[in-house]
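Listed below are the residues making up each chain.
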Amino acid sequence: NNHRLGGTKTKLDPIPRLILIPDVGLISVGENKQSAIITADIGEAWVETLLAAESIGEFFPVNESETFDLEYWSLEQAKLAKKSTSELNGHVVVITGGGGVLGSQIAKDFSNKGAEIVILDLDMEAARKAANFSSKHSICIKCDVTDKYQVNQAFHEIILRFGGLDILVSNAGYALQGDMSEIDEKTFRQSMEINLFSHQYMAQKSVEIFRTQDKLEEDKSNLIGGQLLFNISKQALNPGKSFGAYGIAKSALLALMKQYAVEEGANRIRSNGVNADRIKSGLLTPEMIKSRSVARGVTQDEYMSGNLLNLEVQPSDVSNAFVSLSMMKKTTGALITVDGGNVAAMVR
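Residues numbered from 1 in each chain as written. Predicted model: local features only at pLDDT ≥ 70, side-chain atom pairs only at ≥ 80, totals over all residues. Heavy atoms only, no water.

Novice: In this structure, what is going on with unusual backbone geometry? I would like to understand it.
Specialist: In terms of backbone geometry, most residues other than glycine have negative phi values and most peptide bonds are trans. In this model, aspartate 23 sits at a positive phi of 70 degrees, which is unusual for a non-glycine residue. Following the sequence through the fold, aspartate 23 ends up in the loop between strand E1 (18-21) and strand E2 (25-28). On the basis of relative accessible area, aspartate 23 is assigned to the exposed category, the value being 86%. If you check the backbone angles, arginine 268 has positive phi at about 60 degrees while not being a glycine. Position of arginine 268 among the secondary structure elements: in the loop between helix H8 (244-264) and strand E8 (269-276). (Helix = DSSP H or I, 4+ residues; strand = E, 2+ residues; numbered from the N terminus. Buried < 20%, exposed > 50% of the residue type's maximum accessible area, 1.4 Å probe, protein only.)

So this is what it looks like as structure tokens:
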């Protein structure tokens, strides 16, 4: 048909957009959730039209030549040529602790790059607010990330809703305090559960999905792979008094990030982390900021900007680091520091 028109038309994506599976139903396919919804609407309208036609006569679609003229109409070609695509268009991103200040900002910034957002959090009210803040298609799932059963159930729902996974932002954490010489075993174990083992549960399940998505790909150069992004902490490099339970778990998390980079690089699965400090969030509360500033004899503003650049680090600064890492296709095992400059927490 293109030869009939002098070979002037640009070939469209030939991948089917509607799939009918007996005893399952109609599945719509799209580069993102919005396009899949539009395809589903068209598919349902097509079914109704066909059934209506068959109820009074017979249904005959237009022939191949006429279909080509419709699909390759010059104005439609011009519209498609102008279509712009965001860097992370259609990428499915799961964010743990997504209902918090930082998690919410991460969700928003990934959504702005075209990603589909899934927020995991125990606080469903906060999770819903974060989902609505990021985009109208974002979803939230209640999940205790320290519970392997709930983690598996959450991923099951994610697969049903989106069909796959591209990026994990393992962000959930909590700073439990106490000197190591006096801390009780229960508190220490709680810190390890939320600040280390939960990240392992999420990463392990994500890697399982990443591998499954590439299971039938024989050409290693075509692997989809995936990304593991961990929210670590300056405590992993620069431990603070009375934060041993937190810092020890975060040190182990840093090692976990590197281990996944070593073991999964051949599968095109990248593993990186962000090392942030002094972010106003659920970890660094107004009460904690006040007590620390008093202890240091400085104002709260001076405490928050107490770094080499004399600038307060905002949640958006940390979020930008996660987004940037997600697009650094040849970087793995890296730790990006976002703290305004702290010599004691420098990697080298």
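Next comes the rest of the write-up.
Novice: Help me out: how do you make sense of the sheet that holds strand E3 (residues 92-96) in this one?
Specialist: Whether parallel or antiparallel, the strands of a sheet pair through hydrogen bonds between backbone atoms. The strand order across the open sheet built from seven strands is E5-E4-E3-E6-E7-E8-E9, with neighbouring strands paired in parallel fashion. The sheet is open, and its two edges are formed by strand E5 (139-142) and strand E9 (335-338), each paired on a single side. Each adjacent strand pair in this sheet contributes to an overall mean axis angle of 20 degrees, direction not counted. Taken together, the three bridges between E3 and strand E6 (residues 167-170) define a ladder with parallel strand orientation. Across the sheet, isoleucine 95 pairs through a bridge with valine 169, a residue of E6. (Pairing = 2+ DSSP bridges. Axes fitted to C-alpha atoms, helices over the stretch in contact; angles between N-to-C directions.)

Novice: Whenever I open this one, the packing of helix H6 (residues 148-162) against helix H7 (residues 185-213) confuses me. Can you help?
Specialist: Relative orientation and spacing of two packed helices are given, respectively, by the angle between their axes and the distance between those axes. Here H6 crosses H7 at 35 degrees, and the two axes come no closer than 10 Å. Where H6 crosses over H7, the two elements pack in a sense that is right-handed. Of the residues in H7, those in contact with Lys148, Val151, Asn152, Phe155 and Ile159 of H6 are Tyr201, Met202, Gln204, Lys205, Ser206 and Ile209. Among the residues forming the contact of H6 with H7, the class breakdown is six nonpolar, three polar and two charged. (Left-handed = near helix turned anticlockwise from the far one by under 90°. Contact = heavy atoms within 4.5 Å. Nonpolar A, V, L, I, M, F, W, Y, C, P; charged D, E, K, R; others polar.)

Novice: For this particular structure, what's the right way to read helix H4 (residues 101-112)?
Specialist: One full turn of an α-helix is made of 3.6 residues, so residues set three or four places apart face in the same direction. Compared with an ideal rise of 1.5 Å per residue, which puts 12 residues at 16 Å, H4 spans 17 Å between its outermost C-alpha atoms and is within 8% of the ideal. Summarising burial for H4: nine of the 12 residues are buried, a large majority. Along H4, the residues that are buried comprise Leu102, Gly103, Ser104, Gln105, Ile106, Ala107, Asp109, Phe110 and Ser111. Elements that come into contact with the buried residues of H4 comprise E3, strand E4 (116-121), helix H5 (124-134), E6, strand E7 (226-231) and helix H11 (315-326). Glycine 114, located one to two residues past H4, shows a positive phi value of around 100 degrees. (Expected span 1.5 Å × (residues − 1).)

Novice: What is the right way to read the pattern of salt bridges from this model?
Specialist: Two side chains bearing opposite charge may form a pair once their charged atoms approach each other closely. Enumeration over the complete set of coordinates arrives at 11 salt bridges. A salt bridge links lysine 241 to aspartate 179; its shortest N-O distance comes to 3.5 Å. On the criterion of sequence distance, the pair formed by lysine 241 in the loop between E7 and H8 and aspartate 179 in the loop between E6 and H7 is long-range, its members being 62 residues apart. On the basis of relative accessibility, which here comes to 26%, the residue aspartate 179 falls in the partly exposed class. Between arginine 278 and aspartate 277 there is a salt bridge; the shortest N-O distance is 3.9 Å. A relative accessible area of 16% places aspartate 277 in the buried class. (Salt bridge = Lys/Arg side-chain N within 4 Å of Asp/Glu carboxyl O.)

Novice: Just to check I follow, could you spell out the nonpolar core for this structure?
Specialist: Where a protein is soluble and globular, its nonpolar side chains tend to be buried together. Counting 37 residues, the largest nonpolar core has Val94, Val118, Leu120, Met202, Leu228, Phe230 and Ile232 as its most contacted members. Of all the secondary structure elements, the ones that give two or more residues to this core are E3, E4, E5, H6, H7, E7 and H8. Of the residues forming this core, the biggest block, nine residues, is contributed by H7. Those residues in contact with leucine 228 that sit more than four places away from it in its chain are Leu168, Ala203, Ser206, Val207, Phe210, Tyr260, Ile269, Arg270, Ser271 and Asn272. (Core = buried A, V, L, I, M, F, W, Y, C linked by side-chain atoms within 4.5 Å.)

Novice: Would you take a moment to explain the packing of aromatic side chains for this structure?
Specialist: Any pair of aromatic rings gets described here by the distance separating the centres and the angle formed by the planes. According to the stated counting rule, one finds one aromatic pair in the structure shown. Judged by centre distance (4.4 Å) and plane angle (20 degrees), the ring pair of phenylalanine 68 and tyrosine 72 falls under stacked. Exposure remark for phenylalanine 68: the relative accessible area of 12% places this residue in the buried category. The class of tyrosine 72 is buried, set by a relative accessible area of 14%. When the ring centre of phenylalanine 133 is taken as origin, the NZ or CZ atom of lysine 108, which lies over that ring, is 5.3 Å away. (Phe/Tyr/Trp six-rings, centres within 6.5 Å; stacked < 30°, edge-to-face > 60°. Lys NZ or Arg CZ within 6 Å of the ring centre and 35° of its normal.)

Novice: Sorry, what's going on with the side chain of glutamate 264 here?
Specialist: Residue placement: glutamate 264 occurs in helix H8. Given a relative accessible area of 3%, glutamate 264 falls into the buried group. Dropping the residues within four chain positions of it, glutamate 264 is found in contact with Val207, Arg211 and Ile269.

Novice: What is the right way to read the packing of H4 against H11 from this model?
Specialist: Where H4 meets H11, the closest approach of the two axes is 9 Å, and the angle between their N-to-C directions is 45 degrees. For the element pair H4 / H11, the angle class is oblique. Helix-helix and strand crossings are classified by hand; for H4 and H11 the assignment is right-handed. Along the contact surface, H4 presents Val101, Leu102, Gln105, Ile106, Asp109 and Phe110, while H11 presents Pro315, Ser316, Val318, Ser319, Asn320, Phe322, Val323 and Ser326. Looking at the contact of H4 with H11 residue by residue, the class counts come to eight nonpolar, five polar and one charged. (Parallel < 35°, antiparallel > 145°, perpendicular 65-115°, else oblique.)

In short, the description is geometric, and any link to function would need to be established separately.
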